[in-house]
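Letter by letter, the chains look like this.
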Amino acid sequence: MKPQECERTLTTSPATMEATFSIDADGVAHITRTLRDFLYSDKLLAGIREIGGNAWDAHVAAGIPDVPFKVLLPTRFEPRLSIRDYGLGLSPEFMATRFISFGYSDKRGSDKVIGTFGYGCKSPYAYTDTFTVISRHLGTKSTYTCTLNERDLGVLRCVHTEPCGDETGLEVVIPVQPKDIYTFQEKARNLYRFFDPVPEIIPKREGLAPEWIVKTESGGILSEDYWGNLHVLMGGVPYKIDSSKIKPKMSGDIYLFMDIGDVDITPNRESVALTDRTVEAIKAKQEAFWVELRQKLTEDLEVVKNPWELRQRVRKFGGWENRVKRDHEELRRKLPSVGKPKVDS
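Basis of the calculations
- Residues numbered from 1 in each chain as written.
- Predicted model: local features only at pLDDT ≥ 70, side-chain atom pairs only at ≥ 80, totals over all residues.
- Heavy atoms only, no water.
- Helix = DSSP H or I, 4+ residues; strand = E, 2+ residues; numbered from the N terminus.
- Buried < 20%, exposed > 50% of the residue type's maximum accessible area, 1.4 Å probe, protein only.
- Contact = heavy atoms within 4.5 Å.
- Areas by Shrake-Rupley, 256 points an atom, 1.4 Å probe, with all protein chains shown as cover.
- Pairing = 2+ DSSP bridges.
- Axes fitted to C-alpha atoms, helices over the stretch in contact; angles between N-to-C directions.
- Parallel < 35°, antiparallel > 145°, perpendicular 65-115°, else oblique.
- Left-handed = near helix turned anticlockwise from the far one by under 90°.
- Nonpolar A, V, L, I, M, F, W, Y, C, P; charged D, E, K, R; others polar.
- Salt bridge = Lys/Arg side-chain N within 4 Å of Asp/Glu carboxyl O.

### Considerations on the overall build of the chain
In step 1: Within the chain, the secondary structure is distributed over eight helices and twelve strands.
In step 2: The 345 residues of the chain split such that 44% are buried.
In step 3: Put simply, of all contacts in the chain between residues at least 6 apart along the chain, 67% involve residues at least 24 apart.
In step 4: About 19,400 Å² of surface is accessible on the chain, with carbon and sulfur atoms providing 51% of the total.

### Structural notes on the pairing of strand β3 (residues 130-137)
Strand residues, when the strand is regular, have side chains that alternate between the two faces of the sheet.
In step 1: For β3 and strand β4 (residues 140-148), the ladder comprises eight bridges, and the chain directions are antiparallel. Bridge pairing in β4 links phenylalanine 131 to cysteine 146.
In step 2: Linkage of β3 to β4, two consecutive antiparallel strands, is achieved through a turn of two residues, within which leucine 138 is found at a positive phi near 50°.
In step 3: The sheet contact formed by β3 and strand β6 (residues 169-175) spans five bridges and is antiparallel. Among the inter-strand pairings, arginine 136 is bridged to a residue of β6, identified as glycine 169.

### Quick notes on the sheet that holds β6
In step 1: With mixed pairing, seven strands are arranged side by side in an open sheet as β5-β4-β3-β6-β2-β1-β7. Of all strands in the sheet, those with a lone pairing partner are β5 (154-163) and β7 (200-202), marking the two edges. Sheet twist, expressed as the average angle between the axes of neighbouring strands with direction ignored, equals 15°.
In step 2: Bridge count for strand β2 (residues 80-84) against β6 is five bridges, and the pairing is antiparallel. Each bridged residue has a counterpart across the sheet, and for arginine 80 the counterpart in β6 is proline 175.
In step 3: Sheet contacts for helix α3 (residues 92-99): β3, β4 and β5; angle to β4, the most-contacted strand, approximately 20°.

### Let's talk about unusual backbone geometry
Glycine aside, a negative phi is what most residues show, and trans is what most peptide bonds show.
In step 1: Cis geometry is found at the peptide bond from aspartate 196 to proline 197, where omega equals 5°.
In step 2: By secondary structure assignment, the location of proline 197 is in the loop between α4 (181-192) and β7.
In step 3: At the junction of isoleucine 202 and proline 203, the peptide bond is cis and its omega measures out at 0° in the coordinates.
In step 4: Residue position: proline 203 is located in the loop between β7 and β8 (214-215).
In step 5: In this structure, leucine 138 takes a positive phi of about 50° despite not being glycine.

### Quick look at the pairing of strand β12 (residues 254-258)
In step 1: Of all five residues that make up β12, five are buried, and the element is covered over most of its length.
In step 2: With burial as the criterion, each face of β12 is covered, one bearing Ile254, Leu256 and Met258 and the other bearing Tyr255 and Phe257.
In step 3: Summarising the sheet, strand β9 (residues 219-221) and β12 pair through three bridges and their orientation is antiparallel. Note on β12: the bridge partner recorded for isoleucine 221 is isoleucine 254.

### What about the packing of helix α2 (residues 43-61) against α4?
In step 1: The interhelical angle for the contact between α2 and α4, taken along N-to-C directions, is 40°, at an axis separation of 10 Å. One finds that α2 runs oblique with respect to α4. Read as a crossing pair, α2 and α4 show a hand that is right-handed. Taken together, the residues of α4 that come into contact with α2 (itself represented by Leu44, Leu45, Ile48, Arg49 and Gly52) are Thr183, Phe184, Lys187, Ala188, Leu191 and Tyr192.
In step 2: Residue composition of the contact of α2 with α4, grouped by class: seven nonpolar, two polar and two charged.

### Quick word on the pattern of salt bridges
In step 1: Applying the stated criterion to the full structure yields ten salt bridges.
In step 2: A salt bridge links aspartate 152 to arginine 33; the nearest nitrogen and oxygen atoms lie 2.5 Å apart. Highlighted residues: aspartate 152 in the loop between β4 and β5 and arginine 33 in helix α1 (residues 28-38), separated in sequence by 119 residues.
In step 3: Taken together, the salt bridges that share partners define one network made up of Arg49, Glu50 and Arg269.

Okay, structure coming up:
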């Protein structure tokens, strides 16, 4: 994802010395520890989201965006999370130089992919001291261990290689503590249901994809909860919006569909950064969604005659009944404040 760049015009005066800020070599362990331990507030979800996002990006880069990646959820018999893509894999040179570098990303030039910050592939460290990466690249399957050494620095070691024929892709395996197995399962399913395509998740569960009460080009509603929440859905990842900053125009759990790069996100990718640009984009998308909902209601008016049935459809679309009636003159005439139709005894 392309980051938003800030243009600066500098006016400087003569100086006797000039130097640029950097990270001290002796402070690398402290910096990386900070990124591992404090960047993510939800340490279990971090690896699920970040590694899953990288798998999605790998399929886009390989020209197979419609192919789902594979997720093996932890169980009592196999207490590990495995996320496996079928992209091009990574070379030993890339693994030994770029993969291990905090801040490196080759995705900042495109809004077709999710990644941008250069932290995601290290996100399993937020949960565990060791994880495994298996790369299938140019006919060779290479297995790497990622561990923390006595100085608290991450160390990558290639422990095994073997031929793999035409197989390609990257697999990340995260060991899971028994007490966290169910939580990992639920967090993975709740997140990945929004990915397009939905990953192949094992053990399989029917009905994983979201069942939208209503869906338009600009957004969708998942529940009829009166209070509900407003979310941005970008790159398969839902971000909840602080209602004190941007007030929802309707009830229900609302998801606004944004293209990658439309809004700014925080470095941990847990929330939207409410910059001026982002706030305006969300407000504009919510207004577009509201217009599309009203159009759907207008279409319903042409076929629905019973006030009670029409009221149910209004509620289905997530609009507060009085708000919809107030904004829609035709509804105000057709939808009086009445209860259920009486049934003749």
